[in-house]
Structure formats: structure tokens, C-alpha cells
Amino acid sequence: MCGIVGYIGDRDACPILIKGLRRLEYRGYDSAGVALVGGDGSLNVYKCKGKIDALEHFLADKDTAGTVGIAHTRWATHGEPNDTNAHPHFSADGRIAMIHNGIIENYRVLKDALTAAGVTFRSETDSEVLVNLIEYVRDTEGCTLEEAVRLALKKVVGAYAIAVVEKGNNDKIIAARQSSPMAIGVGKGEYFISSDASSIVEYTHDIVYVEDGEIAVIERGKPLQLVTLDNEEAEYRVTKLDISISDLEKGGYPTFMLKEINEQPRTIVDCIRGRVNADSGRVILSGIRDNIDRWLAARRVVFVACGTSWHASLIGKQLFENICRIPAEVEYASEFRYRNPVLFPDDIVIAVSQSGETADTLAAISLARKAGAFVYGICNVIGSSIARATDSGTYVHVGPEIGVASTKAFTGQVTVMAMMALAIAERKGTVSKEYYDEVAQGLLSLPEKLKEVLELSGQVADLAKIFTYAHNFIYLGRGYNYPTALEGALKLKEISYIHAEGYPAAEMKHGPIALIDAEMPTVAIVTPDVTYEKTLSNIEEVKARGGKVIAVMAKGDATVPGITDYVIEVPAVIDCLMPIIVSVPLQLLAYYIAVYKGRNVDQPRNLAKSVTVE
Ligand code: M6R
């Protein structure tokens with residue numbers, strides 16, 4: 001939520017900042033702006049409502065000279081998206097400019113105090129309160145900018161990643177972080193700041209992750225300096241980021257979402273590489289191997305996650321219970337963090353997150369750690385906050401996911417969970433060799449099967465055309481595919497704005513069946529498993545009430561076509577891996593319906609990719 005970028009060096013800052021904003025646009029696109037400090041010390045702030053295109057257009061006839069600057073793309077929290085509420089905000093006397101990602105929770109109290117001291121505000125944002133607090137401290141204490149930032153932040157409750165520049169000083173940016181991501185790229189005589197390290201890889205692969213409660217003093221020609229809120233020097237490490245620019249481009253596809261859907265045969269190869277041995281069929285994960293005693297002694301696993309990662313966790317629960325016989329629970333991180341959950345010292349909390357930056361999941365981790373639980377992360381973004389906050393973990397390794405709707409991360413997360421379950425089960429002796437081999441071979445067969453599924457794109461696009469009229473959809477599935485139904489419905493909702501419900505197929509008759517009519521299509525997942533026959537009956541119930549049914553079924557099934565209106569035939573794999581196959585046509589269905597409705601699938605309204613605020 002909100003993307004921030006900064007640059008200081010010898011080059012023109014503005015084009016670098018705009019490029020950085022474009023890479024971060026997935027984090028929010030309500031408004032955008034830049035602040036540039038010119039060689040003469042002038043501070044120019046330009047901002048406007050809308051996307052980066054609008055900002056670039058706005059900048060066309062402006063003075064954008066300067067080799068130091070900060071920029072922001074906003075996902076609105078406090079105050080509607082308009083020019084005034086756009087970042088950067090500047091202090092009442094126009095001397096200090098600041099960009100902010102996060103929420104200042106005690107902004108009302110601070111605003112009242114500053115108003116009483118004579119400060120006037122232009123916007124409705126919490127961020128403008130902070131920049132004025134910095135100026136107030138600077139004036140009353142007569143201190144340096146970094147000291148003013150430090151003292152001001154000591155009064156703040158909330159989450160922030162900020163970057164601050166000052167009129168008359170084109171040699172310095174001050175940045176700070178608490179619960180919102182911030183990376184600093186270290187180049188040759190130049191520094192880059194970003195909410196997401198991957199956005200600056202075309203300039204440098206050397207990254208310093210700023211930790212919570214740290215302030216970065218970034219000065220031209222000087223080594224980077226980090227201090228804590230208590231003014232103690234903080235040590236830092238330069239990490240090499242292993243991402244190429246092509247991972248961040250659309251690569252000929254019209255959208256990132258379509259690119260990411262189509263990448264899945266390759267991303268699953270990347271996910272299982274070095275983990276499932278193609279010759280022996282053995283699964284080895286270092287995060288399990290290195291902590292095997294804990295896994296063997298685990299009383300229970302508790303998954304904490306949000307959104308699509310929560311859906312993957314529902315599949316994880318079934319994998320852990322069925323394959324390793326470890327009781328498993330799945331919690332919305334946002335609920336878990338505010339409850340008083342019962343956690344035992346031998347519980348393992350598994351935090352699942354694509355971005356590794358989701359605020360609620362981070363808070364759930366901190367609660368679990370305080371309760372003494374061992375916390376394991378399943379993250380995609382390497383070096384992300386969640387990856388660093390967990391005791392151990394397994395990376396999903398599906399590469400940067402930029403489309404707001406999560407696709408390849410979901411299939412990667414389920415793949416990781418299946419590998420984890422197998423690795424633990426082998427040591428616990430909870431599955432037979434035959435079963436273990438079948439799942440391991442199933443994992444190895446996924447890339448080829450996913451290629452086959454993607455060949456159905458044209459057929460799914462034709463189906464999407466037929467159903468673009470619908471205002472409501474219901475998705476049904478059972479067992480491992482109940483979460484797949486939830487995920488299919490979420491995809492449709494978020495990018496097409498069509499209302500969709502995912503439901504366990506048999507539960508439908510306890511209420512939602514009342515909704516069935518010829519206008520509301522049902523997407524039924526009916527693949528070979530223990531509930532296959534039962535799901536056929538559930539489909540008959542829909543048909544008996546005049547409903548239209550699109551079935552996702554295993555190739556060669558002779559029964560399903562006879563009782564449904566349309567079928568999508570996918571290659572079969574063992575039931576516990578079927579969600580990885582089935583979710584792909586559901587992603588495509590949502591995608592094409594959204595495209596036919598003229599939606600912006602990579603930037604759906606009201607959404608942002610990483611939810612770094614509560
Ligand atoms: O980065 P995370 O996996 O923690 O994100 C969780 C959700 O915000 C995310 O899955 C969201 O629901 C996506 N828009 C779903 O497509």
C-alpha cells in the first residue's frame with residue numbers, strides 16, 4: 001500500500017523516480033507526486049490525483065531539475081484521492097517535504113497539539129501531521145533534520161516508511177521505517193530508496209533492508225548511516241538481490257496477470273528445483289530438515305495468512321492433517337492478532353504471504369513469537385519483512401508477482417505446503433511409500449500438466465464471453481478443492497467486480513441454493529476424489545433448479561458432460577495436488593471475464609498488491 005522511492009546521486013533524479021513509481025504502481029494508484037531539490041537548493045513539489053501517467057503529463061512543462069528527490073504513489077487511507085491529499089506533503093512553511101507509506105495512528109492528538117501551536121494544515125492526511133511535527137521539532141529544538149525526524153518519530157504511534165528532504169540541502173535524504181517496508185539500494189556514488197527492492201534492480205543489486213525503528217541518513221558522497229530511535233548506531237548488511245529486469249516486465253503479454261498465469265509451468269519448476277529429486281523422488285527442504293525435531297514434536301500447526309494466502313493455507317491444513325497427521329488450524333491473521341489465541345510451546349505457527357509485507361500477518365507473527373511459538377514462513381519475496389521475522393521458512397521461488405490478483409504465488413504456496421507435508425511425513429512415518437511416491441511424482445508432473453491446462457486458454461476465453469453478463473457467480477468444490485472454489489471466486493470478484501461466492505458444494509443446500517436460477521452461473525469443481533459422487537449430486541441439485549453449470553473436471557470423465565452445460569477438462573493428478581491444476585482455468589476465467597468487461601486487471605479499483613496497513 002503506497003509506494004515510495006528516493007534517489008540521491010549524480011544523475012537527474014526525476015526520470016529515475018518516475019520509473020521507480022511505475023514499478024511500484026501495483027502498491028496503489030490513487031495519486032502520485034515527486035519532490036525535487038535543485039542544485040540551487042530550491043524544493044519543487046509536484047503531485048496530482050490519478051496514476052503515474054497523469055503525473056508524468058503534469059510534469060511535462062515543470063522544472064524537474066535536481067539530483068536528489070523523493071516520490072510517492074498512493075493508496076488512500078486518510079482523505080479521498082485528490083491533488084491535496086497526494087504526497088509528498090510539505091511542512092506549513094514549505095521547507096520540508098515528506099513521503100509516507102503507513103498510518104500514523106495517533107495523528108489526531110498530534111494534529112490538535114500542532115494546531116494549538118499555530119500550525120495550519122492543507123490536507124486531511126495523517127502524513128501531513130508528521131511532516132509538520134518534524135518541522136516543529138526542528139524549529140523548537142534547533143537541531144539537524146535527522147535529529148528532528150528521530151525526535152518526531154519517538155512521539156508517533158503507527159506504521160511508517162518515510163523519506164524526507166529539505167529546501168536548501170541537496171545533499172541529504174532522511175528515511176525511516178516502522179512496520180512498512182523499506183530498502184535502500186547502494187550504487188556507485190548514489191543511493192536509491194524503495195518500498196520494494198525489486199523496483200531498483202536495474203540500478204543496483206546491493207540492497208540494505210532498513211529494520212523497524214531505524215533511521216537512515218543518506219548523504220551524497222558519504223557512507224550510509226543507520227541509527228535507532230534511541231540514537232544508537234545500527235549495524236547493517238548489504239544483501240545481493242537475485243532478480244533480473246525481465247522478471248519485472250510484461251514480456252510481450254498485455255498484462256502482468258496474464259504473464260503470471262502463463263508462467264506457472266516454469267514457476268513450479270523453480271519452486272520444486274533442488275527440493276524434489278527427479279531420480280529418487282525424495283523431497284528435501286532445508287527448513288524442515290534443519291528443524292526436524294521441532295516438526296516431529298509439533299502438537300499442532302497454525303497457519304496465519306490473508307486473502308489468497310489464506311486460501312492456500314486451507315489446503316495446507318488438509319495436507320498436514322492427511323499426510324503428516326498433525327492437527328492444523330487456519331486463522332485470518334487480522335483476527336488472530338486481536339484475539340488471545342491459545343498457543344502451546346510445541347505449536348508451530350506457519351505464516352504464509354506472497355509479499356512478505358502484509359501488516360496483519362506480520363502482527364500475527366509477533367504475537368505468536370511473544371507466546372513462545374516457533375514461527376515458520378512461506379514467503380515469495382526474498383528478504384521481505386516476514387521472511388526476516390520468522391524463525392525459519394521455505395521460499396516459494398515463483399519470481400516477482402506484480403499483478404494485483406495473486407496467481408502463480410497461490411500455486412507455488414500449495415506446492416511448498418505439499419513438499420513440506422511429504423518431508424515431515426517421511427520422518428514421521430505417517431504415509432506409505434506408495435503414497436509418498438505418488439505425491440512426489442505428482443509434483444514432478446505438474447509443469448507438463450500445467451502446460452496442457454494453459455492450452456485451454458482459448459476455450460476458457462470463449463466461455464468467459466458467454467458469462468460476462470452475469471452479476472453473481474457461485475463456485476462449488478469439496479475437500480482439497482473447497483479452498484480452490486474460494487480462490488476462484490476471489491479472483492473473479494477482485495478483477496471483474498462481479499459478486500462471487502465460494503462454497504463447499506454440500507453446504508449449498510443449507511442456504512445458497514435459494515440463489516440458484518438461470519441468471520446465476522455455478523462453477524463446479526468435480527475431480528476424482530472421495531467426494532466425487534457426492535459432488536455429482538450437488539451439481540444435479542443446481543441443474544434441477546434451472547442453474548447453468550460450468551464444470552472443471554478431469555480429462556476423460558464421461559459422466560460430468562452429461563449433467564452440466566459446459567466443461568473444462570483438465571489433466572488429473574493425485575487429489576491433494578489437484579488445486580494446483582484446477583486453479584489455473586479459474587484464474588483464466590476470471591481474467592477473460594474481467595477483460596471483456598473492460599476492467600484494468602493489473603490495477604483493479606480500490607485494491608493494492610501489498611496490504612501494509614491494517
Ligand atoms: O502478500 P500476501 O500473500 O500476504 O497478501 C495477502 C492478500 O492481500 C492477497 O492474497 C490478496 O488477497 C490478493 N489480492 C489476492 O489476489
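Quick caveat: nothing in here was measured; it's all calculated off a predicted structure.

A separate point is the overall build of the chain. Counting its regular elements, the chain contains 20 helices and 24 strands. Against the 2.2 N^0.38 benchmark of 25 Å for 614 residues, the chain shows a C-alpha radius of gyration of 25 Å, consistent with a compact globule. Referenced to the eigenvectors of the C-alpha coordinate spread, the extents of the chain come out at roughly 80 × 55 × 45 Å. By the burial criterion, 61% of the 614 residues in the chain qualify as buried.

Read across the sheet, 5 strands follow the order β21-β20-β22-β23-β24 without closing on themselves; strand pairing throughout is parallel. In this open sheet, the two edge strands, each paired with only one partner strand, are β21 (499-504) and β24 (566-570). In this sheet, adjacent strand axes meet at a mean angle of 15° when their direction is disregarded. For strand β23 (residues 549-554) and β24, the ladder comprises 5 bridges, and the chain directions are parallel. Its bridge partner lying in β24, A554 is registered against V570. The sheet strands contacting helix α17 (residues 481-496) are β20 (472-477), β21 and β22 (522-526), and the helix crosses β21 at an angle near 175°. The strands that helix α18 (residues 532-544) touches are β20, β22 and β23; relative to β22, the one it contacts most, it runs at about 165°.

To continue, consider the site of the ligand. In the neighbourhood of the ligand, 15 residues make up the surrounding shell, with S309, S353, S355, T358 and E494 lying closest. Note that an oxygen atom of the ligand is positioned 2.7 Å from one of the backbone N or O atoms of Q354. Measuring from an oxygen atom of the ligand, one finds a side-chain N or O atom of K491 at 3.0 Å. When the free accessible area of the ligand is taken as 410 Å², the share hidden by the protein chains comes to 91%. The cavity where the ligand resides is the second largest pocket. Secondary structure elements with two or more residues in the shell around the ligand: α10 (307-324) and α17. Counted by class, the shell around the ligand contains 5 nonpolar, 8 polar and 2 charged residues.

Bringing the pattern of salt bridges into the picture now. Counting across every chain of the model gives 38 salt bridges. A salt bridge links R95 to D139, with the nearest nitrogen and oxygen atoms 3.1 Å apart. Linking R95 in the loop between β5 (89-90) and β6 (96-104) with D139 in helix α4 (residues 126-141), this pair joins segments that are 44 residues apart in sequence. Owing to a relative accessible area of 26%, R95 belongs among the partly exposed residues under this scheme.

Take the packing of aromatic side chains next. This model, assessed by the stated rule, comprises 12 aromatic pairs. Centroid distance W295 to F320: 6.2 Å. Interplanar angle 40°. Geometry classified as tilted. Of the two residues, W295 is situated in helix α9 (residues 292-297) and F320 in helix α10; the sequence distance between them amounts to 25 residues. Note on accessibility: W295 and F320 belong to one class, buried. On the numbers, 6.2 Å between centres and 35° between planes, the contact of F467 with Y469 is tilted. F467 gets classed as buried once you look at its relative accessible area, which sits at 1%.

Estimated volume of the largest pocket: approximately 1,100 Å³. As for the largest pocket, its lining consists of 50 residues, of which S198, L248, P400, E401 and I402 are closest to the centre. Listed by contribution, the elements that provide at least two residues to the lining of the largest pocket are α1 (13-24), β14 (239-240) and α7 (264-272). For the lining of the largest pocket, the leading source of residues is α1, giving 3 residues.

Right, let's get into the sheet that holds strand β2 (residues 31-37). Strand-to-strand pairing in sheets goes through backbone hydrogen bonds, with the strands running parallel or antiparallel. Within the open sheet, the 8 strands sit side by side as β3-β2-β4-β1-β10-β9-β11-β14. Their pairing is antiparallel. For this open sheet the edge positions go to β3 (43-49) and β14, each flanked by a neighbour on one side alone. Sheet topology places β2 next to β3; 7 bridges connect them, and they run antiparallel. Opposite V34, over in β3, you have Y46 as the bridge partner. Against the sheet, helix α2 (residues 52-59) makes contact with β2, β3 and β4 (68-74), and its axis sits at roughly 135° relative to β3, the strand it touches most.

Tracing the backbone shows F410 in helix α14 (residues 408-428). Note: C-alpha distance between F410 and S353 (57 residues apart in sequence) is 9.6 Å. Residues in contact with F410, not counting those within four places in the same chain, are T308, H311, A312, I315, E487, P579 and S583.

As far as domains go, the chain holds domain 1 (3-246), domain 2 (252-453) and domain 3 (455-600). Between the C-alpha centres of domain 1 and domain 2 there is a distance of 34 Å. Inspection of the region where domain 1 meets domain 2 yields 1 salt bridge. In this structure, R388 engages E211 in a salt bridge whose closest nitrogen and oxygen atoms are separated by 2.7 Å. For the pair domain 1 and domain 2, the number of links is 2 residue pairs in polar contact (both at pLDDT 80 or more). Looking at side-chain class alone, the side of domain 1 that touches domain 2 contains 6 nonpolar, 1 polar and 2 charged residues.

The rules behind each value
- Residues numbered from 1 in each chain as written.
- Predicted model: local features only at pLDDT ≥ 70, side-chain atom pairs only at ≥ 80, totals over all residues.
- Heavy atoms only, no water.
- Helix = DSSP H or I, 4+ residues; strand = E, 2+ residues; numbered from the N terminus.
- Rg over C-alpha atoms; globule rule 2.2 N^0.38 Å.
- Buried < 20%, exposed > 50% of the residue type's maximum accessible area, 1.4 Å probe, protein only.
- Pairing = 2+ DSSP bridges.
- Axes fitted to C-alpha atoms, helices over the stretch in contact; angles between N-to-C directions.
- Contact = heavy atoms within 4.5 Å.
- Near = heavy atom within 4 Å.
- Polar contact = N/O pair within 3.5 Å; in protein donor to acceptor, adjacent residues only side chain to side chain.
- Areas by Shrake-Rupley, 256 points an atom, 1.4 Å probe, with all protein chains shown as cover.
- 1 Å grid on protein atoms, 1.4 Å probe; cavity = no way out; pocket = protein on both sides within 12 Å on 5 of 7 lines; lining within 4 Å.
- Sits in = over half its atoms within 2 Å of the grid points.
- Nonpolar A, V, L, I, M, F, W, Y, C, P; charged D, E, K, R; others polar.
- Salt bridge = Lys/Arg side-chain N within 4 Å of Asp/Glu carboxyl O.
- Phe/Tyr/Trp six-rings, centres within 6.5 Å; stacked < 30°, edge-to-face > 60°.
- Points joined across faces, edges and corners; volume = space filled by probe spheres on them.
- Domains from an automatic or database assignment.

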